[in-house]
Amino acid sequence: MTEAPLSSLGDIQARPPRAGGPRLPQLSLSGWIGLALVVFWTLVAVFGPFLAPYRVGAIVADDVFEPFSARHLLGSDYLGRDVLSRMLSGARYTVGLALAAALLASSTGAALALFAVVSGRWIDELVSRLMDAMISIPSKIFALVMVAAFGSSIPLLLLIAAVTYVPGAYRIARSLAVGLNQMEYVQVARARGEGRLYIATAEILPNMINPMLADFGLRFVFVVLLLSGMSFLGLGVQPPHADLGSLVRENTSGLGDGALAILAPAVAIATLTIGVNLLIDSLPRRRRRSGGEA
Amino acid sequence: MSATLVLILRRLGSAAVTLLLVSMVVFAISSLLPGDAASETLGQSATPEAVAALRAQLGLNEPAHLRYLHWLAGLVTGDPGRSMANNLPVREIIAGRLPKSLLLAGLTAAVAVPVALAIGIFSAMYRGSRLDRALNVMTLSMVAAPEFLVATVAVLVFAVKLRWLPSLTLAPEHPTLGELLRAYALPVMTLCFVIIAQMARMTRAAVIDQLTQPYVEMAALKGVRPARVALIHALPNAIGPIVNAVALSLSYLLGGAIIVETIFNYPGIASLMVDAVTSRDMPLLQACAMIFCTAYLLLVLVADVCAILANPRLRHP
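It should be emphasised that the depicted structure is a prediction, and the values quoted were computed from it without experimental measurement.

Here is what the cut-offs are and how they apply
- Within any chain, residue numbers begin from 1 and follow the written order of that chain's sequence.
- Chain letters and ligand numbers both follow the written order, the letters beginning at A and the numbers at 1.
- At least 70 in pLDDT is required for a residue's local features to be given in this predicted model, at least 80 for side-chain atom pairs to be given and counted, and no such filter applies to totals for whole chains, interfaces and linings, which use all residues.
- Hydrogens and water are ignored here; the side-chain numbers use all heavy atoms of the structure.
- Strands are runs of DSSP state E lasting at least two residues, helices are runs of H or I lasting at least four, and both sets are numbered from the N terminus onward.
- Here's how the labels work: a residue is buried when its accessible area is under 20% of the maximum for its type, exposed when over 50%, partly exposed in between, all with a 1.4 Å probe on protein chains only.
- It only takes one pair of heavy atoms within 4.5 Å for two residues to be counted as in contact.
- Methods summary: accessible areas were calculated by the Shrake-Rupley approach with a probe of 1.4 Å, and residue burial reflects only the protein chains presented.
- Between the N-to-C directions of two axes lies an angle of 0 to 180 degrees, each axis being a line fitted to C-alpha atoms and, for a helix, fitted only over the stretch in contact.
- Note: crossing handedness is left-handed where the near helix turns anticlockwise from the far helix by less than a right angle, and right-handed where it turns clockwise.
- Only Asp, Glu, Lys and Arg are considered charged, only Ala, Val, Leu, Ile, Met, Phe, Trp, Tyr, Cys and Pro nonpolar, and every remaining residue, Gly among them, polar.
- The term salt bridge refers to a pairing of a side-chain nitrogen on Lys or Arg with a carboxyl oxygen on Asp or Glu at a separation within 4 Å.
- A residue's pLDDT is the predictor's confidence in that residue, given on a scale from 0 to 100.
- Only rings of Phe, Tyr and Trp enter the pairing, Trp through its six-membered ring, and a pair is recorded when the two centres are within 6.5 Å. The plane angle decides the type: under 30 degrees is stacked, over 60 is edge-to-face, the rest tilted.
- Small angles under 35 degrees read as roughly parallel and large ones over 145 as roughly antiparallel, with 65 to 115 read as roughly perpendicular and the rest as oblique.
- What goes into a patch is any residue over 30% in relative accessible area without a salt bridge, connected to like charges within 9 Å or, for nonpolar side chains (Val, Leu, Ile, Met, Phe, Trp, Tyr), within 5 Å.
- Throughout, nonpolar core names a set of buried Ala, Val, Leu, Ile, Met, Phe, Trp, Tyr and Cys residues whose side chains join them through atoms within 4.5 Å.
- Side-chain atoms alone can form a polar contact between residues adjacent in sequence; in general such a contact is a pair of N or O atoms within 3.5 Å, and within protein one must be able to donate a hydrogen while the other accepts it.

A word on the overall build of chain B. Scanning chain B from N- to C-terminus turns up 14 helices and 0 strands. Seen in sequence order, chain B has helices and strands lined up from the N terminus as α-α-α-α-α-α-α-α-α-α-α-α-α-α. Per-residue burial over chain B gives 45% buried out of 317 residues. When contacts within chain B are restricted to residue pairs at least 6 apart in sequence, those whose partners lie at least 24 apart make up 72%.

Here it is, written out as structure tokens:
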């Protein structure tokens, strides 16, 4: 479950507590493009099925692998179903599953890290060793072994994806928490006699939220790529459900004709992951020693 | 014994312990099957006697920790059992596939490393420029593109539209160099895509780290030309971090190979593993998983050792 961060997370600042309301983010052009893509896909995931022109499973076209037309904006698939309708409902699986899994992975990782850091050396050492061993299994391999053992129903896929990325989230969260744990205000809280739970949740956690959110975005990208990859291999979301990866898989026979049915869902996944990546990359971060572009 | 050697030996030791832990995790997950391997193999119509006989033959009556030790001993001695799908020794099946995967990985590395290093060094030299920012957005997008998109677009362009390259990798037994290149062009291209981006980003960071040191500023003030500063002054000092970046990026090959080998129907070990998952062939799956994990750990180990060796404070304590 190892994935080096796509952009260097270490640079994103863990800010000390600060008064005042939130500021408008200062984004570069690519950041705005990323934000637009993210908002677009969120809307599609929420409202997509209501916007679909046809029923998801209905065979509505005259021919298979039809190209773009006014009736079928993204053509038809290998059975003559409307690709746009299938994508609008498939996006919900891709985005929804990934969101849930990434949320589960990030929060579990953060909770474990906080627990390890405030609980003292032995527990910290134990949890960290275990996570190190788990991070030494490449994520796709881990997911394949899990699917072979437990099958690939949707709740299981969610769990598999979440477990796969807990160690990565833990690693980031722990390095942030260890730093924050040394801060004076945490020491003051400890001297005041506050309990561990209070220190973890009220002193450390609020100050690692920002970098953890950026990390959450990366986890989300990893999960999208992992799950759509698994679906593409036929080991992910199973029919009759279909996420965007399954749509690519079921239409591979149209590759020779250059069918839209195979390209459109693949491009859709890429715009989603690239969008999140561009957005995260342009988040404000600490100036590097270089003074150059961060 | 020098401090460096101690450090490297300690690193080796911790890698061995990690590998052992990994083998436990892999074994634990894959033997937690809800079904029973014996009844699964024989199907529903099997007699209880047949199931019991196969259970005994597969050693399923032993307690889990003994089975783990047997399995581990088998792995270490090079005999990871028999495949449940076709009853061939796992070792033979893997021996036929592993060299093909290594060839694919080797060709990919041979293409990806020089290109990535060139892009990384170049954008580090011109950091902050329009070109660097364009490259940044480009590599950032490339690392997030799913392999099957890259593969399908590549097949569509080069095999379907232009008809330059075959879309399946069917290399003849003793290919000439030309045949080899044609057969491997598409899978290698696909694998390179993500890896080049990843490697270029890490190389850029490593070189920039050096280019912001005082000695580089000194060289620049002396009037040394930027290309010479980067290549003669900064690059030798960045070798360690760069090798580190290369090794870590190559570990991406492991994940990418699974998709790419499947798409191009390439008879390597990654597609073998996917088949093993589909047929729930646990002995084969476990062996493949351990090969991937070992390869990954080796790459990370190389990266770490390079980082240790590249740090002069550790080399000359």
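From this point, things continue past the structure.
Turning to the overall build of chain A, a few remarks are in order. Across its full length, chain A holds 9 helices and 0 strands. Of all 294 residues assigned to chain A, the portion counted as buried reaches 53%. Across chain A, contacts joining residues at least 24 apart in sequence account for 74% of those joining residues at least 6 apart. Accessible area of chain A: about 13000 Å², with a carbon and sulfur share of 65%.

Right, let's get into the packing of helix 2 (residues 83-118) of chain A against helix 7 (residues 196-232) of chain A. All names here are of chain A. At a minimum axis separation of 7 Å, helix 2 and helix 7 run at an interaxial angle of 145°. Classified by chirality, the crossing of helix 7 by helix 2 is right-handed. Among the residues forming the contact of helix 2 with helix 7, the class breakdown is 21 nonpolar, 2 polar and 3 charged.

The residue after proline 239 of chain A, namely proline 240 of chain A, is reached through a cis peptide bond having omega 10°. Residue position: proline 240 of chain A is located in the loop between helix 7 and helix 8 (244-250). Even without glycine at this site, asparagine 265 of chain B takes up a positive phi of about 55°. We note that arginine 280 of chain B has phi near 50°; this positive angle belongs to a residue other than glycine. Positionally, arginine 280 of chain B belongs in the loop between helix 12 (269-278) and helix 13 (282-310).

In this structure, leucine 186 of chain B sits in helix 8 (residues 177-211). Leucine 186 of chain B sits 74 residues away from valine 260 of chain B along the chain, and the two C-alpha atoms are 9.4 Å apart.

Turning next to the pattern of salt bridges. Applying the stated criterion to the full structure yields 13 salt bridges over all chains. Between glutamate 250 of chain A and arginine 81 of chain A there is a salt bridge, with the nearest N and O atoms lying 3.5 Å from each other. Placement of glutamate 250 of chain A in helix 8 and of arginine 81 of chain A in the loop between helix 1 (29-51) and helix 2 is noted, with a sequence separation of 169 residues between them. Each member of the pair, glutamate 250 of chain A together with arginine 81 of chain A, is buried. Taking the shortest distance from any N to any O, the salt bridge between lysine 140 of chain A and glutamate 147 of chain B comes out at 3.8 Å. In this pair, lysine 140 of chain A is assigned in helix 4 (residues 139-150) and glutamate 147 of chain B in helix 7 (residues 147-161), connecting two distinct chains.

When the pLDDT values of chain A are averaged, the result is 81; 88% of them are 70 or greater. At the low end of the mean pLDDT range in chain A sits helix 3 (residues 121-135) of chain A, at 86; at the high end sits helix 2 of chain A, at 90.

Applying the stated criterion to the full structure yields 8 aromatic pairs over all chains. Aromatic side chains phenylalanine 232 of chain A and phenylalanine 148 of chain B sit 4.9 Å apart centroid to centroid with 10° between the ring planes, which places their arrangement in the stacked category. Residue phenylalanine 232 of chain A is located in helix 7, and its partner phenylalanine 148 of chain B is located in helix 7; the two belong to separate chains. Residues phenylalanine 232 of chain A and phenylalanine 148 of chain B agree in their burial class; the two are buried. Taking 5.4 Å as the distance between ring centres and 65° as the angle between the ring planes, the aromatic pair formed by phenylalanine 27 of chain B and tyrosine 68 of chain B counts as edge-to-face. You can see phenylalanine 27 of chain B sitting in helix 1 (residues 3-30) and its partner tyrosine 68 of chain B sitting in helix 4 (residues 64-76), a full 41 residues away along the chain. Given a relative accessible area of 9%, phenylalanine 27 of chain B falls into the buried group.

The subject of this paragraph is the confidence of the model for chain B. Detailed reading of predicted coordinates is not advised where the pLDDT is low. Residue and element names in this part refer to chain B. Averaged over chain B, the pLDDT score is 82; the fraction of residues at 70 or greater is 89%. Mean pLDDT across the elements of chain B ranges from a minimum in helix 2 (residues 37-42), with 62, to a maximum in helix 5 (residues 90-125), with 89. Among the scores for the predicted complex, ipTM is 0.83 and pTM is 0.84.

The contact between helix 9 (residues 260-281) of chain A and helix 6 (residues 130-144) of chain B brings their axes to 8 Å, and the two run at 135°. The orientation of helix 9 of chain A with respect to helix 6 of chain B, classified from their angle, is oblique. Judged by the twist between their axes, the crossing of helix 9 of chain A over helix 6 of chain B is right-handed. Here Thr273, Ile274, Asn277, Leu278 and Asp281 of chain A of helix 9 of chain A lie close against helix 6 of chain B, whose contacting residues are Asn136, Val137, Leu140, Ser141, Val143 and Ala144 of chain B.

Together, Val39, Leu43, Val46, Phe47, Phe50 and Leu51 of chain A give the surface a local cluster of nonpolar side chains, amounting to about 620 Å² of exposed area. By the element assignment, phenylalanine 47 of chain A lies in helix 1.

We now examine the nonpolar core. Ile204 and Met208 of chain A together with Met273 of chain B are the most contacted members of the largest nonpolar core, which totals 169 residues. Beyond its immediate stretch of four places on either side in the chain, methionine 208 of chain A contacts Ala110, Leu114, Ala173, Leu176, Ala177 and Leu180 of chain A. Core analysis: the second largest hydrophobic core is formed by 5 residues, Ile8, Leu301, Val305 and Ile308 of chain B among them.

The next point concerns the interface of chain B and chain A. Often, the extent of an interface is quoted as the loss of accessible area upon association of its parts. At the interface, 55 residues of chain B touch 49 residues of chain A. Between arginine 201 of chain B and aspartate 281 of chain A there is a salt bridge, with the nearest N and O atoms lying 3.8 Å from each other. Inspection of the chain B/chain A interface yields 5 residue pairs in polar contact (both at pLDDT 80 or more). Within the residue set of the side of chain B that touches chain A, elements represented by two or more residues are helix 1, helix 6, helix 7, helix 8, helix 11 (252-263), helix 12 and helix 13 of chain B. The element that contributes the greatest number of residues to the side of chain B that touches chain A is helix 7 of chain B, accounting for 8 residues.

Next up on the list: the environment of tyrosine 252 of chain B. Turning to its location among the elements, tyrosine 252 of chain B is positioned in helix 11. Note: C-alpha distance between tyrosine 252 of chain B and aspartate 304 of chain B (52 residues apart in sequence) is 16 Å.

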